[in-house]
Amino acid sequence: MLGRMESAQVPVTLGEILSQPEIWRHCLSELDRTRMLGGILEQTDSRAEWMFVGCGSSFYLAEAAAASWTLLTNQPARALPASEVLLFPDLAVGAARNTQVVVISRSGQTSEAVRAAHLLSRHYRFPTLGITCSAETPLEKACDRTVRLLAADEKSTVMTRSFSSMLMALQSLASEKSRREEFSSALRRMSDHFAGSIDGLANRVEEFVAEHAFSDYVFLGQGPCYAVAREASLKVTEMSCSYGQAFHTLEFRHGPKAIVSPRTCLAFFLSEGGLLAESEVLAEMHELGGVTMAICNHADDDIRRTSDFVFELGFDGPELAALAPFIVPAQLLGCFTGVKKNLNPDEPKNLSRVVILD
Ligand code: F1P
């Protein structure tokens, strides 16, 4: 399977990470076959702004979906943790009126997500769309309609393929709304493209982890990549009990860079739109002695010269189609680091698969 692990040692979570290209293709084909997205759009066409809501990984997924939505449809969209909707509804809802709500929850059982769906639907009378990887859930009962991606569910506590698959489903909805059929076909092409390189990527991340010992982790991204940086930080923390932080890339100069040392791992999720400015930060942190990872679609000589690890997706398609695969190197980093620290990524310390409140 992979260089250093015996098959009996391979965490279930690692198998789920490696299954992503195949699961993406299955979910995209199912959405196409059922024509589900078209039906949803018929019911949501009048809505002028979109609100994406979730918890934990599903909140960072909401952030990635909101950024994708605006860039693909030109409609305003925002992301909120469900707790903000519940605790500060006037702040969360504000003057919103013509809003479509999307509540994201892999389990469909997370108390805060279900309660937020009820509040936004019943009290504020907003149309609500749920998206989940489970069947017959409280979330589905709370929402007007629900997209189920059952094949993307995991046995693992941490979210990996459920995160990327639900993101791609919401990107597909946005591309169908903006009649950008080429984007949906680009997601399929990207899945096929990535299927050929994910195992090699896993071996390289495993080697990178074996060759380094880090005391802290930093994840940096701008635009839609910022949400991926936030999810990446959570993955490394959940699976390896390591300290991770996420920042907008250029924000890192404004104080947090004080922590940079040879025991700091800095992962840069490089966008195309901000590449020049982001690459300058990469070069500066490499100069400061940090260990740098560049996660990008196309790497140039400067990126290669200032990076200790380069993941180049090399996909010939729209930038947003690279958002889901960008999270995979961080999922692998968290999993292999957890194994190296003699932890079990399948049973993360202190965590439960679903947070249910009384
Ligand atoms: C949300 C979540 C996960 C986290 C952990 C606890 O779950 O916070 O993001 O990794 O599993 O639950 P869900 O609402 O998406 O099921």
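Draft legend 1. The arrangement of the side chain of Ser-156 in detail. With respect to the element layout, Ser-156 can be found in the loop between β5 (145–148) and α9 (161–177). Given the relative accessible area of 2%, Ser-156 is considered buried. At 2.8 Å, the side chain of Ser-156 forms a polar contact with the side chain of Glu-16. Here the side chain of Ser-156 touches Val-158 through a polar contact of 2.8 Å, landing on its backbone oxygen.

Draft legend 2. Examining the pattern of salt bridges more closely. Inspection of every chain in the model, using the stated rule, returns 16 salt bridges. Here Arg-305 ties to Asp-302 by a salt bridge, and the two come within 2.9 Å at their closest N and O atoms. With Arg-305 and Asp-302 both in helix α14 (residues 301–305) and three residues apart, the pair spans about one turn of that helix. Residue Arg-304 is joined to Glu-312 by a salt bridge in which the shortest nitrogen-to-oxygen separation is 2.7 Å. Put simply, Glu-136, Glu-140 and Arg-148 are held in one network by salt bridges that share partners.

Draft legend 3. Fine view of the state of the cysteines. Across all of its chains, the model carries zero disulfides by this definition. Note on Cys-143: no disulfide assigned, nearest cysteine sulfur contributed by Cys-55 at a separation of 13 Å. Look at Cys-143 and you get buried, because its relative accessible area is 7%.

Draft legend 4. Structural context of the side chain of Glu-278. Mapped onto the elements of the fold, Glu-278 is located in helix α13 (residues 275–287). At 11 Å, Arg-253 is the nearest oppositely charged side chain to Glu-278, a buried residue that forms no salt bridge. Here Glu-278 is in contact with Gln-222, Thr-249, Leu-250, Phe-268, Phe-269, Leu-270 and Ser-271, once residues within four sequence places are set aside.

Reading the values: the criteria
- Residues numbered from 1 in each chain as written.
- Predicted model: local features only at pLDDT ≥ 70, side-chain atom pairs only at ≥ 80, totals over all residues.
- Heavy atoms only, no water.
- Helix = DSSP H or I, 4+ residues; strand = E, 2+ residues; numbered from the N terminus.
- Buried < 20%, exposed > 50% of the residue type's maximum accessible area, 1.4 Å probe, protein only.
- Polar contact = N/O pair within 3.5 Å; in protein donor to acceptor, adjacent residues only side chain to side chain.
- Salt bridge = Lys/Arg side-chain N within 4 Å of Asp/Glu carboxyl O.
- Disulfide = S-S within 2.5 Å.
- Lys, Arg positive; Asp, Glu negative; His and termini not counted.
- Contact = heavy atoms within 4.5 Å.

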